[in-house]
Amino acid sequence: MASLFDPMQARRLHPYPLFRRRPLLRHLLACVFAGGLWTLALPATATEPIPGHSLESIRTWVLEHNPELRAMDFETQAAEARILPAGALPDPMASVGFRGLDPDKPWRTAGAEREVNYALRQRFPLWGKRSLAREVATHEAEAMRLEREATARTLLAEAEAAYVRYWHADQAVAVLDRRIALLRQVEEIAGVRYALGRAPQQDAIRAQVEQTSLQRERIERLAAKQEAAATLNAVLGRRSDAPLAAPDEAPRLAVRSASLAEALDAADTHPAVRSQQARAEAARTNVVLQRRNRFPDITVGVGAMQLGNGIQSTELMLEVEIPFQQRARRERERESRLLEDAARARAEAARRSLQGEAGMAWAQWQSARERRRLTETTLLPQADANFRSALASYQVGEVDFGTLLEALDAWQGADLARVDALRDELLGAAAVRALEGDTR
């Protein structure tokens, strides 16, 4: 038989019973689990990738973070939200009227009972006005969407051009660094020949002067890189001093058009042109709507008269608008026709402007590509062979130091010309791609 002492002894051994400790244990485990998840998720949310290592990272950042594109996204959604209300019925009107009131004491009736009139009216636009208004709003929303797409193409082209300049500045500095290193080697050769009495001291000094000039050009190239980085950050919607990753490789911008005529045909379907065409369609539909406003709308109403506590009578009302302000209507029709003509003129102006930009961009791209190919295949090998020959001849005293420096300048200048031609080729390709609509 159990003793009465057993429960007391159990309480001493277990002052906190198990059913009291389980909630505390569950809360502790939940906190530990939540803290572990937060610790794992913290690096993913805190560290954001820095754009700049590739052209694709720049394009992705523009499409996702540019504030102008985000603002136009909201404006497009707002224009789409106006479609449904444009063709909706106007709100009904409800009214309550009191009759038989005492003029001296309006809160009292003059007779025995108070007469109350209730009315509900609804206006109905006829002649297809609601569908026309909805169509106008639809065309305007489409125009806003196309305008956003045209802006995205422009921003992508600007970002690609800024990235090309950013990459080009790095490449130009690298070429100058190689040139400075070669000049130091040439200076050492001139110093050795001067020590042997085979060359004047002026050769080494002239090499130092050339290095100083290249250092000045290097500073200018670094300043151009900072300017390109600030421009790129501005297009990306970031601070001008925000860090950018170093480019991993040369950007590649492929042109899809096989000829200039094909590139010019792409201007006809450009979103900027189609946006103005959509606005012209909205204006044309608005012309029809303004003409339909010559015909009156109707208002239907129902009412009831309460006398005392009961309904005395009911009524049915029909109201018709009188189109009396004909001059104002004619002016609104004239306004809508002029807006249609203006939108069509803007569409034609946008088409011609895009075709002119396409012609200039195509010429720049073709010319720069030919210059790059000529430099890579002909000029660079020739300049390299000329420098090696001049260096070997200078070491044996067959040519003077000026000839060696000219050969070095021609060789490294050809390499810098190759980089500059590649920059111009990429800039032209970016402009052509903006007209083609390549958003990949």
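Please read these numbers as outputs of a predicted model, since none were measured by experiment.

What counts and what doesn't
Residues numbered from 1 in each chain as written. Predicted model: local features only at pLDDT ≥ 70, side-chain atom pairs only at ≥ 80, totals over all residues. Heavy atoms only, no water. Helix = DSSP H or I, 4+ residues; strand = E, 2+ residues; numbered from the N terminus. Buried < 20%, exposed > 50% of the residue type's maximum accessible area, 1.4 Å probe, protein only. Contact = heavy atoms within 4.5 Å. Areas by Shrake-Rupley, 256 points an atom, 1.4 Å probe, with all protein chains shown as cover. Core = buried A, V, L, I, M, F, W, Y, C linked by side-chain atoms within 4.5 Å. Pairing = 2+ DSSP bridges. Axes fitted to C-alpha atoms, helices over the stretch in contact; angles between N-to-C directions. 1 Å grid on protein atoms, 1.4 Å probe; cavity = no way out; pocket = protein on both sides within 12 Å on 5 of 7 lines; lining within 4 Å. Points joined across faces, edges and corners; volume = space filled by probe spheres on them. Nonpolar A, V, L, I, M, F, W, Y, C, P; charged D, E, K, R; others polar. Expected span 1.5 Å × (residues − 1). Phe/Tyr/Trp six-rings, centres within 6.5 Å; stacked < 30°, edge-to-face > 60°. Lys NZ or Arg CZ within 6 Å of the ring centre and 35° of its normal.

With respect to the overall build of the chain
Each helix and strand counted, the chain has eleven helices and four strands in total. Out of the 440 residues belonging to the chain, those deemed buried represent 35%. Considering only contacts in the chain between residues 6 or more positions apart, those separated by 24 or more positions represent 80%. Of the roughly 26,600 Å² that the chain leaves accessible, carbon and sulfur atoms contribute 56%.

Description of the nonpolar core
Note on soluble globular proteins: their nonpolar side chains tend to be buried together. If you look at the biggest cluster of nonpolar residues, it comprises 33 residues, and the most contacted ones within it are Val62, Leu232, Leu236 and Leu253. Of all the secondary-structure elements, those providing two or more residues to this core are helix 3 (55–65), helix 6 (129–195), helix 7 (202–236), helix 10 (326–395) and helix 11 (401–436). A per-element tally of this core places helix 6 first, with ten residues. Beyond its immediate chain neighbours, meaning those up to four positions away, leucine 236 contacts Pro51, Ile58, Trp61, Val62, His65, Asn66 and Leu244. Leu182, Phe387, Leu404 and Ala414 belong to the second-largest nonpolar core, a separate cluster that totals 22 residues.

Quick word on the sheet that holds strand 2 (residues 115–124)
Strand order across the open sheet formed by four strands is 1-2-3-4, with antiparallel pairing between neighbours. Looking at the sheet topology across the chains shown, the edges are occupied by strand 1 (93–99) and strand 4 (310–320). Direction aside, neighbouring strands of the sheet carry axes that sit 15° apart on average. As judged from the seven bridges shared by strand 1 and strand 2, these two strands associate in the antiparallel manner.

Considering the layout of surface pockets
The volume enclosed by the largest pocket comes to roughly 320 Å³. Sorting the residues of the lining of the largest pocket by element identifies helix 6, helix 10 and helix 11 as the ones contributing at least two each. Examining the composition of the lining of the largest pocket, we find that six residues originate from one element, helix 6, more than from any other. Residue composition of the lining of the largest pocket, grouped by class: eleven nonpolar, three polar and three charged.

A closer look at the side chain of threonine 299
Along the chain, threonine 299 turns up in strand 3 (residues 298–307). In contact with threonine 299, other than residues within four places in its own chain, are Arg121, Gln122, Arg123, Met317, Leu318 and Glu319.

Quick notes on helix 9 (residues 271–292)
With 22 residues, helix 9 extends 31 Å from end C-alpha to end C-alpha; this agrees with the ideal 32 Å at 1.5 Å per step. Among the residues of helix 9, those classed as buried are Pro271, Val273, Ser275, Gln276, Ala278, Ala280, Ala282, Ala283, Thr285, Val287, Leu289 and Gln290. The inward-facing, buried residues of helix 9 contact helix 6 and helix 10.

Structural notes on the packing of aromatic side chains
Any pair of aromatic rings gets described here by the distance separating the centres and the angle formed by the planes. Scanning all chains against the criterion turns up four aromatic pairs. Plain terms: the ring middles of phenylalanine 387 and tryptophan 411 are 5.0 Å apart, the flat faces sit at 20° to each other, and that makes the pair stacked. A residue pair is termed long-range when its members are at least 10 positions apart, and phenylalanine 387 in helix 10 and tryptophan 411 in helix 11 qualify at 24 residues. Residue phenylalanine 387 shares its accessibility class with tryptophan 411, and that shared class is buried. Between arginine 369 and the ring centre of tryptophan 365, over which it is positioned, the NZ or CZ distance is 4.3 Å.

Brief notes about unusual backbone geometry
Most of the time, phi is negative for any residue but glycine, and the peptide bond is trans. Despite not being glycine, tryptophan 127 has its phi angle at roughly 65°, a positive value. For tryptophan 127, the position within the fold is in the loop between strand 2 and helix 6.

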